[in-house]
Every structure is written in C-alpha cells, then in structure tokens.
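# Topology and contacts: notes
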Amino acid sequence: MMKKHLVMAVVPFLAFGCGDDLVDADGDGIADGVREPDTVTVVTPANPKGTVSGQVLSTDLRPLTEVTVEMTIGSSAEPVSTVSDAKGNFTYKNVPAGSHVLLTFSKAGYATLRATAQVPSSAGNVPINNGNASFGPITLARLDGTLNFLVVTPQGRPAAGARATLEATPAGAISNGDESSSMVSSVVVEATANEQGLLTFTGIPSAAELARLRNGNGEYRLWVSPIDANGDGVPETGGYVNTYYGAEVVANSTTRLISLPYSRPQNVPLSIESSNVASLRGGGADFHPLRNLVRPGELIHLFFNQPIQQGSLLVRMTDEYARESLGVTATVNNGGYSATINPGSTVEGKEYNLDVRAVSAEGGSLYSTVGYFFAGAASGPQLATAIAEARYQETSTVGTPTLNPGEVVYINFTHPVARTFFSGQYVQVFFDADINNSGAPGDARGEVGFHEGFDLYIDEPDRPVQTRTPAETPVFGIRLSNYSTRYYFVYAGSVALTPSTAPLQVSFSTLGRRGINGTYENIWGQPLSTDLSVRGMAVQPPATP
C-alpha cells in the first residue's frame, strides 16, 4: 500500500525529470507524448488547454471560405483572429480550459454573427487532452437583398421625407446545443422616403435568405417615425411599426403600402380623413366621378382620423338599383387607423353604393356615411359608351304585349351618363318607323327625319325597379350621383308598335344643331356626340300584387 502512494507521488518527476527527450512545449504541465502513465488513470495538468473550432456555411449550406473569425477570451484579453478554410472550417488551439470566449464571424457581403461559448473545464485532462468547444454549423446570410415600401400620409399623399429603420433578424444561425441562445445576428439599415413616398432598403438579407432561418420565421421589423414637416414639435402623423416574415415576402413580393395614421386627436368625432373613394370622406367628401373610380379588382382604402374598434366596421354594398346586398369584405388594419374594402367582382362602367359604419376606439363616437363609386380605370373605358338595352314598361296584362301611346321606354347605357347643361331641352329619341300610320315616315314627331323627337330624361334609381305591390325597398338609402345608366322617354306615337322589332335612335348629334351649349358625357368626361341606335325592346311586365 505504501508502495502505491510512492509511485503516485513521483509521477510529475517522471513526466519532467527523466531523460533529455521529454518536452512540455504547450505548457500544460505534462511532457508531450505522455498519455497513459502506468500507475495513473487521470492526471490534471497545471495549465490545461483546449480548442475552439467549427464550420461556417451560407444559408443554403455551402461552405464559406475566408470568413474572419475573431476570438476574445474573457473581458480583458486582446482579440485574435483566423479565417475559415475552403471547407468553411476554423480552429483555435491552446485555449485555456474553462475559458469564456466570444467569437465574431464576418465576411464582406454577409451578415456579422457573434456567439459565446465556454471551453470545457476538463480540457487537457489525460486522456481527454485538448477538449473542444465546437461551434457549428454557423450560417451567415448574404446581404444582397432589397425591400421596398410605399408610405403615404393619412390624406393618401406620398409621405416624402419619412424616415424609417428596418431590422432583419436573425441574419445568421448557429447549431451548438444550449449555446445557441447566446447567438446574436441582425442587420439594421435606415432609409428616407423619396418624393413618391418610396422607402428602399438595400444591403439586407433577401426574403429567401430570411425564409431559411429560424425555421422559416426570419423576419423584417419596420419602424417608420412620425412626420413633423414644419418642425414645430407637433407631428402631423403618427408612427408605424410592423413585422413581415421572410416567407410571406417570398410568397408576395409586391411593394407594401403603409398608411401613416393621424396623430391622435383630442375630443373630435371619428371621421374618414382619406380614401380613394372620395364620396366616403368626412368633411372633404368629393362626388366627382373621376375621384370615385375603382378599377375592377382594386381594393378600397379608408384612413380614419383615430383608431376604430376592431369589430365595429360594417360595410354593405349594392348596385345602382339597391335591390340586394352584394358580396363585400372589409379588414381593419394598422391598429384600427385604416381599413381595406374588397368589393369583389365589379363590372366596368357600373355604379355601386356603399354604406360604411364604424365606432371610435377613443371615445366611442359613431361614424356613418353612404357613398358610391364607379368601376373603371381613370384612363378611360375599354369600349365606347353604347346602348346596352331598350326596355318598355307594359301597363296592360291583356293580350299580346305592344308598345302603346303613353307607355314609358327605358334606355340603358353601358356607362353612367349625365348632361352638362341645365336648360329645358333634352336629347331626342326617334323611331325609324311610321308611328302615326300616315304612310310617309318622317312627317311626325318622333320619326326619323322629323325635326323633333321625344325628350330623353335621366331616371337615376334610388330604389329597385318595381315588380310588385307594395314596391320593393332599397337595401339602404343610397346617395344620388346625378350620373345614371338609365334614362327614359314617354312614347307618344299614335300607333302601337311591336317591341321586338321597333328600331329607335338616340340622337346626340342634334344638340349642336339646336343651339344647345353643352353635352351629355360619361363618367370619364367623354362627350357623347354620335347617334346611338338599337333595334327591339325588352318588356318590363306590369307590377303584380
């Protein structure tokens, strides 16, 4: 037993004092090459050492060479650096066991990543000599992406000069067990909106790069500062904060629209401050057709002067006749400061009515308005305005339907039409037929070739066409626009006409010859100067009980 103690006591002497060929080059307290002493199972050196190593990859898992890997040991030591090899590997040797190390990974064109780890305290123990703190794989995001946002004021105008910050996080990743929580990697860039309100962020990870990080949840975090255009210390708009996930941006790469909210008002009622449908605005409502055009498939945007309660927005929509509710959806955005309305499928040149109601989240005031919009692009219609249909209102339930004197004929145009003058004269309607049975067409009022026809009046509906008694009621009370696809005249011929063959003509060309200073025009402001004709009329049956 005493012999065994004696052997253990002289081990260090054997390690350092026997022979001239024993060298301790790494200073770990054990001669180089000594691994398995005959009488010792584990020997703890005086200065145990370990290694720090790992592999650096791109987000698509390709090795990154010449990545600078800077290491700092503790808080006071000078940093040292190395670079990754062709396979992305790097190694630091002779790192004191138990050390806390900070590694910084950087490469031109890629995000920087910082991570911490601890070299195992058992590093250098025999036979666990040279224990390793292994990093990796480490992935770095490439900074070749661009992201655009379009920023507008609450009035819908470009927010030129708006300042914003974008953070992409994480811009890298590390798989290292429990150590992964100590990883930090993000990219922060700033931008200022140009004259068109366009914010452009460059030198960031692309959406595809972010989508490969954090299990598809890599994200862009956007901050837009409030705007104080006149420098009086009172912002005209509020700020904006939102998060966009990389996977979402990959799926939808369109430029995102940001509507800055108004700065919070005090003791004022809820109102719609801006909209691409001008008839819905509060005090600044505008009912001109060109400022109430919505392209088929386009969304309608509402911008409130204060946030609204999330569940309070009610939107209903009908066509020009207000007979039934049409499919429409509405979504509250931007913390309640804005909303989007999807009117669904609309037809170019048709008029639609909207009923909008919302409740303020600050004070509970109710805002309710009724407006309208026309489906179409501001550049003009795809097809010229024409007659869509002629239809007459049958007054008798006896016999074969015929157009009789005193019955009303409706002319429906393909686009809403209004007249620009207010005199007592109207566009004229003529029949290309002998409607007085004289045997000589053109010798009576309302016949082609005669100087006078039947006056054509606007008949803009405010309720459904009556088909029964009592009459149908509208879905909601609609607002008249003074443009309509429906006009009418009273047939005053002396003979009954067969409706399926009766040819008629709406004569716009006669307005100038009659000295009328004005025109009839469609919603795009295009005057109707060419005569329009149609053969045959549909029959509107008399109202039934």
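Residues numbered from 1 in each chain as written. Predicted model: local features only at pLDDT ≥ 70, side-chain atom pairs only at ≥ 80, totals over all residues. Heavy atoms only, no water.

### Some details on the overall build of the protein chain
When helices and strands are counted, the protein chain shows 5 helices and 33 strands. Expressed as a percentage of its 545 residues, the buried residues of the protein chain come to 42%. The contacts of the protein chain with a sequence gap of at least 6 include a subset with a gap of at least 24, amounting to 68%. Total accessible area on the protein chain stands at roughly 26,600 Å², and carbon and sulfur atoms take up 51% of it. (Helix = DSSP H or I, 4+ residues; strand = E, 2+ residues; numbered from the N terminus. Buried < 20%, exposed > 50% of the residue type's maximum accessible area, 1.4 Å probe, protein only. Contact = heavy atoms within 4.5 Å. Areas by Shrake-Rupley, 256 points an atom, 1.4 Å probe, with all protein chains shown as cover.)

### Concerning the layout of surface pockets
In this structure, the largest pocket encloses a volume near 510 Å³. Lining the largest pocket are 25 residues; nearest its centre among them are Tyr-321, Asn-412, Val-465, Thr-485 and Arg-486. Where the lining of the largest pocket is concerned, the elements lending two or more residues are strand 22 (351–359), strand 24 (387–393), strand 25 (408–419) and strand 29 (484–490). Residues that form the lining of the largest pocket fall into these classes: 8 nonpolar, 5 polar and 12 charged. When its volume is computed, the second largest pocket comes out at roughly 370 Å³. Elements with a contribution of two residues or more to the lining of the second largest pocket: strand 14 (240–245), strand 15 (256–259), strand 18 (300–304) and strand 21 (338–342). Here the lining of the second largest pocket is composed, by residue class, of 8 nonpolar, 7 polar and no charged. (1 Å grid on protein atoms, 1.4 Å probe; cavity = no way out; pocket = protein on both sides within 12 Å on 5 of 7 lines; lining within 4 Å. Points joined across faces, edges and corners; volume = space filled by probe spheres on them. Nonpolar A, V, L, I, M, F, W, Y, C, P; charged D, E, K, R; others polar.)

### Things to note about the nonpolar core
Counting 32 residues, the largest nonpolar core has Ile-411 and Phe-431 as its most contacted members. Of all the secondary structure elements, the ones that give two or more residues to this core are strand 24, strand 25, strand 26 (428–431), strand 29, strand 30 (503–507) and strand 32 (532–535). Core analysis: the next-biggest nonpolar cluster, separate from the first, contains 30 residues, Ala-191, Val-224, Val-249 and Ile-258 among them. (Core = buried A, V, L, I, M, F, W, Y, C linked by side-chain atoms within 4.5 Å.)

### Notes on the pairing of strand 13 (residues 219–224)
Judged from the 6 bridges that link them, strand 9 (residues 163–169) and strand 13 form a sheet pairing that is antiparallel. Directly across from Ala-164, in strand 13, lies its bridge partner Val-224. Two elements, strand 13 and strand 14, share 6 bridges in a ladder whose sense is antiparallel. Residue pairing for strand 14: Val-224 is matched across the bridge by Tyr-240. (Pairing = 2+ DSSP bridges.)

### Here's the deal with the sheet that holds strand 22
If you trace the 4 strands from one edge of the open sheet to the other, you get 17-23-22-19, paired in mixed fashion. The outermost strands of the open sheet, each flanked by one partner alone, are strand 17 (293–294) and strand 19 (314–319). In this sheet, strand 22 lies alongside strand 19 in antiparallel orientation, the contact comprising 6 bridges. Bridge assignment links Arg-316 to a residue of strand 22, and that residue is Asp-355.

### Let's talk about the side chain of Thr-340
Position of Thr-340 among the secondary structure elements: in strand 21. Within the structure, the side chain of Thr-340 is placed 3.5 Å from the side chain of Asn-333, a separation counted as a polar contact. (Polar contact = N/O pair within 3.5 Å; in protein donor to acceptor, adjacent residues only side chain to side chain.)

### Structural notes on the sheet that holds strand 20 (residues 329–333)
Strand order across the open sheet formed by 4 strands is 16-18-21-20, with antiparallel pairing between neighbours. Each having just a single partner strand, strand 16 (272–275) and strand 20 make up the two edges of the open sheet. Strand-to-strand twist across the sheet, computed as the mean angle between neighbouring axes with direction ignored, equals 25°. Both strand 18 and strand 21 contribute to a ladder of 4 bridges, which runs antiparallel. (Axes fitted to C-alpha atoms, helices over the stretch in contact; angles between N-to-C directions.)

### A look at unusual backbone geometry
Residues other than glycine predominantly adopt negative phi, and peptide bonds predominantly adopt the trans conformation. Note that the residue after Thr-169, namely Pro-170, is joined by a cis bond; omega there is -10°. Mapped onto the elements of the fold, Pro-170 is located in the loop between strand 9 and strand 10 (172–174). Residue Pro-470 is bonded to the preceding Thr-469 through a cis peptide linkage, with omega at 0°. One non-glycine residue, Glu-66, lies in the positive phi region at around 55°. Mapped onto the fold, Glu-66 is located in the loop between strand 1 (49–58) and strand 2 (68–73).

### With respect to the side chain of Thr-369
Looking at the secondary structure, you find Thr-369 in strand 23 (residues 366–375). In this view, Thr-369 contacts Ser-279, Leu-280, Leu-354, Asp-355 and Val-356; residues no more than four positions away in its chain are not counted.

### A short note on the pattern of salt bridges
Enumeration over the complete set of coordinates arrives at 13 salt bridges. In this structure, the salt-bridge partner of Arg-291 is Asp-286, at a minimum N-O distance of 2.5 Å. Judged by relative accessible area, which is 42%, Arg-291 ranks as partly exposed. On the basis of relative accessibility, which here comes to 23%, the residue Asp-286 falls in the partly exposed class. Salt-bridge contacts for Arg-323 lead to Glu-472; the nearest nitrogen and oxygen are separated by 3.9 Å. Residue Arg-323 is found in the loop between strand 19 and strand 20, and its partner Glu-472 is found in the loop between strand 28 (457–458) and strand 29; the two are separated by 149 residues along the sequence. (Salt bridge = Lys/Arg side-chain N within 4 Å of Asp/Glu carboxyl O.)

### Here we look at the packing of aromatic side chains
If you walk through the whole model with that rule in mind, you get 19 aromatic pairs. Note on Phe-149 and Tyr-244: the rings are 5.2 Å apart at their centroids and 50° apart in plane angle, and the pair reads as tilted. Taken together, the positions of Phe-149 in strand 8 (residues 145–152) and Tyr-244 in strand 14 put the pair 95 residues apart, joining distant regions of the chain. The exposure class assigned to Tyr-244 is buried, which follows from its relative accessible area of 8%. Plain terms: the ring middles of Phe-431 and Phe-489 are 6.1 Å apart, the flat faces sit at 65° to each other, and that makes the pair edge-to-face. Placement of Phe-431 in strand 26 and of Phe-489 in strand 29 is noted, with a sequence separation of 58 residues between them. We classify Phe-489 as buried; its relative accessible area is 0%. An aromatic cluster is present here, built from Phe-413, Phe-421, Tyr-487, Phe-508 and Tyr-520 joined pairwise through their rings. (Phe/Tyr/Trp six-rings, centres within 6.5 Å; stacked < 30°, edge-to-face > 60°.)

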